[in-house]
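Chain by chain, the residues run as shown.
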Amino acid sequence: MVILDGKKAALDLKEEVRVRLANYYKKGAPQCNLAIIMVGDNPASEVYVRNKAKACEAVGIGGKLIKLNENTTQEELEKYIKAVTKDPKVHGVMVQLPLPSHLDEDRATELVPPEKDVDGFTTASLGKLAVGKQGFLSCTPGGIIYLLKKYKIVLAGKHAVIIGRSKIVGKPLALALLNENCTVTVCHSRTKNLAKITSKADILISAVGKAGFITADMVNLSAVVVDVGINRIDNKIVGDVDYNSVSKKTSFITPVPGGVGPMTVAYLMKNTFLAYQKSLNGKYD
Ligand code: NDP
């Protein structure tokens, strides 16, 4: 069994971004900037935003944090988003989720124009992905595919089973894996005979958010298992997969922490760089 080391692959991806950005800077190109809009002080979001800010610093992206207080109204939030998206010096814009419950997340994220939507959460970005056009793939699916490719795992022709159909993980991942020529099955809370389906997967991806949800009997021998889940148990972070038992059966597995999490942040750096590059050259590569 091989551990898919997301920490290491994330360092590699960030280094790729750092070098490519440095080449632009050497030629006198302007600073690349990412704006993060955060409302309230959700402790988990604070950690994620801190990690994103650190990653920006490591690769040479200017991080601009717009922190609004918990009582911000929808109108005020939208005013801030509209203002920052209009700033030509800002190449990528993201709204840190979750927002406090009185705010409408969909309305807020939809305000980010497609060319700055480095989180890939807008209808426009998801639509492009669905029809196979170039746009921003959201960071968790993008990071997962980068990680699998880094370990030379062949995707074409493989049966990928995804548990979870959220618009930030399950759905874009399903579309992205389809674009990689996988045969994709998406499961969710209404799926019947889940274990029967998951045990047929060559690649099993769990994005449910329940500790210990994936047990060894649900996994095919030699499957690749990707654990997206982040669950806090007694102040410890664990995934959805019962790692000790499942890892004995798999060919490859991601740990939690140190698997998908760091890849998500690194992929945000990649998307921000692509947005920057597109703003300078009119194309992504
Ligand atoms: P959501 O809560 O939006 O989605 C969870 C999905 O799991 C839903 O589609 C739900 O089905 C499905 N589900 C719930 N219970 C079952 C069940 N018993 N059987 C089958 N499917 C079930 O979560 P997210 O997609 O936002 O996140 C999922 C997990 O991934 C969370 O732990 C989150 O913290 C983590 N995460 C990690 C990231 C990282 O970088 N590592 C990034 C993003 C998320 P239904 O649609 O029917 O309700």
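See above for the structure.
Residues numbered from 1 in each chain as written. Predicted model: local features only at pLDDT ≥ 70, side-chain atom pairs only at ≥ 80, totals over all residues. Heavy atoms only, no water.

Turning our attention to unusual backbone geometry. Residues Leu97 and Pro98 are joined by a peptide bond in cis, for which omega reads 0°. Tracing the chain through its elements places Pro98 in the loop between β4 (92-95) and α4 (105-110). The omega torsion of the bond from Val256 to Pro257 falls at 0°, within 30 degrees of zero and hence cis. Position of Pro257 relative to the elements: it lies in the loop between β11 (252-253) and α10 (260-281). Phi angles above zero are rare outside glycine, and Lys152 is one such case at about 55°. Its relative accessible area of 72% is what places Lys152 among the exposed residues. Backbone geometry at Asn181 places phi at a positive 70°, although glycine is not the residue there. Within the secondary structure, Asn181 sits in the loop between α7 (170-179) and β6 (183-187). By relative accessible area, Asn181 is classed as exposed at 53%. (Helix = DSSP H or I, 4+ residues; strand = E, 2+ residues; numbered from the N terminus. Buried < 20%, exposed > 50% of the residue type's maximum accessible area, 1.4 Å probe, protein only.)

With that out of the way, let us pick up the pattern of salt bridges. Overall, the coordinates contain eight salt bridges when judged by the stated rule. When the shortest N-O distance is used, the salt bridge between Glu15 and Arg18 registers 2.8 Å. Placement of both Glu15 and Arg18 in helix α1 (residues 6-26) is noted, with a separation of three residues, approximately one turn of the helix. What makes Glu15 partly exposed here is its relative accessible area of 36%. Here Glu180 ties to Lys149 by a salt bridge, and the two come within 2.9 Å at their closest N and O atoms. (Salt bridge = Lys/Arg side-chain N within 4 Å of Asp/Glu carboxyl O.)

What follows concerns the nonpolar core. If you look at the biggest cluster of nonpolar residues, it comprises 55 residues, and the most contacted ones within it are Leu34, Leu177, Ile205 and Met269. Broken down by element, the residue count for this core peaks at 11 residues, all from α10. Ignoring sequence-local partners within four residues, the contact set of Ile205 consists of Ile144, Val161, Ile162, Ile163, Leu173, Leu177, Val226 and Val228. Core analysis: the second largest hydrophobic core is formed by 15 residues, Ala35, Leu77, Ile81 and Ala108 among them. (Core = buried A, V, L, I, M, F, W, Y, C linked by side-chain atoms within 4.5 Å. Contact = heavy atoms within 4.5 Å.)

Looking now at the environment of Tyr80. Here Tyr80 is to be found in helix α3 (residues 74-86). Sequence separation of Tyr80 and Leu68 is 12 residues, and the distance between their C-alpha atoms is 9.2 Å. Tyr80 has contacts with Ile66 and Leu68, leaving out every residue within four places of it along the chain.

Now for the layout of surface pockets. Estimates place the volume of the largest pocket at around 1,400 Å³. Around the largest pocket sit 48 residues that line it, and Tyr48, Thr140, Ile230, Gly261 and Thr264 are the ones nearest its centre. At the level of secondary structure, the elements contributing two or more residues to the lining of the largest pocket comprise α1, α2 (43-59), β4, α4, α6 (139-150) and α10. Of all the elements, α10 adds the most residues to the lining of the largest pocket, at seven residues. A breakdown of the residues in the lining of the largest pocket according to their chemical character gives 26 nonpolar, 12 polar and 10 charged. Roughly 510 Å³ of internal volume is contained in the second largest pocket. As for the second largest pocket, its lining consists of 23 residues, and the residues nearest its centre are Gly135, Leu137, Tyr267, Lys270 and Leu274. (1 Å grid on protein atoms, 1.4 Å probe; cavity = no way out; pocket = protein on both sides within 12 Å on 5 of 7 lines; lining within 4 Å. Points joined across faces, edges and corners; volume = space filled by probe spheres on them. Nonpolar A, V, L, I, M, F, W, Y, C, P; charged D, E, K, R; others polar.)

Bringing α3 into the picture now. Helix length check: α3, at 13 residues, gives a terminal C-alpha distance of 18 Å against a target of 18 Å (1.5 Å per residue), a fit within 8%. Those residues of α3 not exposed but buried are Gln74, Leu77, Glu78, Ile81, Val84 and Thr85. Angularly, the buried residues of α3 cover 135° about the axis, an arc narrow enough to put them on a single face. When the buried face of α3 is taken as reference, the exposed residues oriented beyond 90 degrees from it are Glu75, Lys79 and Lys86. Of the surrounding secondary structure, the elements contacted by the buried residues of α3 are β2 (33-39), β3 (62-68), β4 and α4. (Expected span 1.5 Å × (residues − 1). Arc of directions from axis to C-beta.)

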